[in-house]
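Each chain is listed here by its residues.
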Amino acid sequence: MASERAFICGNSKYYVVEYRGTFIVQRQNWLGRSFITYSRSLAEAIARIEADARCWQIRAA
């Protein structure tokens, strides 16, 4: 079963879905969710969110 976490960075909302040991990073926009990247850990997923949003103040939603 997949677990999901939501984060806000800048003006964007991101979702990190853990599925079978892999983290999938997605960005929410008005059309739906867009795939960003895969990562091996939650820390790496958060770093990818910060790089994509060009923001360093990430918070849980």
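Preceding this paragraph is the structure being described.
Quantities reported herein were computed from a predicted structural model and do not represent experimental measurements.

Calculation notes
- Residues numbered from 1 in each chain as written.
- Predicted model: local features only at pLDDT ≥ 70, side-chain atom pairs only at ≥ 80, totals over all residues.
- Heavy atoms only, no water.
- Pairing = 2+ DSSP bridges.
- Helix = DSSP H or I, 4+ residues; strand = E, 2+ residues; numbered from the N terminus.
- Axes fitted to C-alpha atoms, helices over the stretch in contact; angles between N-to-C directions.
- Contact = heavy atoms within 4.5 Å.

### Observations concerning the sheet that holds strand β2 (residues 12–19)
Hydrogen bonding along the main chain pairs the strands of a sheet, whether they run parallel or antiparallel. Read across the sheet, 5 strands follow the order β4-β3-β2-β1-β5 without closing on themselves; strand pairing throughout is antiparallel. Each edge of the open sheet carries a strand with a single partner, namely β4 (32–39) and β5 (58–60). Neighbour-to-neighbour, the strand axes of this sheet turn through a mean angle of 30 degrees, independent of strand direction. In the sheet, β2 pairs with strand β3 (residues 22–29) via 7 bridges, with the strands oriented antiparallel. Residue pairing for β3: tyrosine 19 is matched across the bridge by threonine 22. Sitting on the sheet, helix α1 (residues 42–53) is in contact with β1 (3–9), β2, β3, β4 and β5, with an inclination near 35 degrees to β1.

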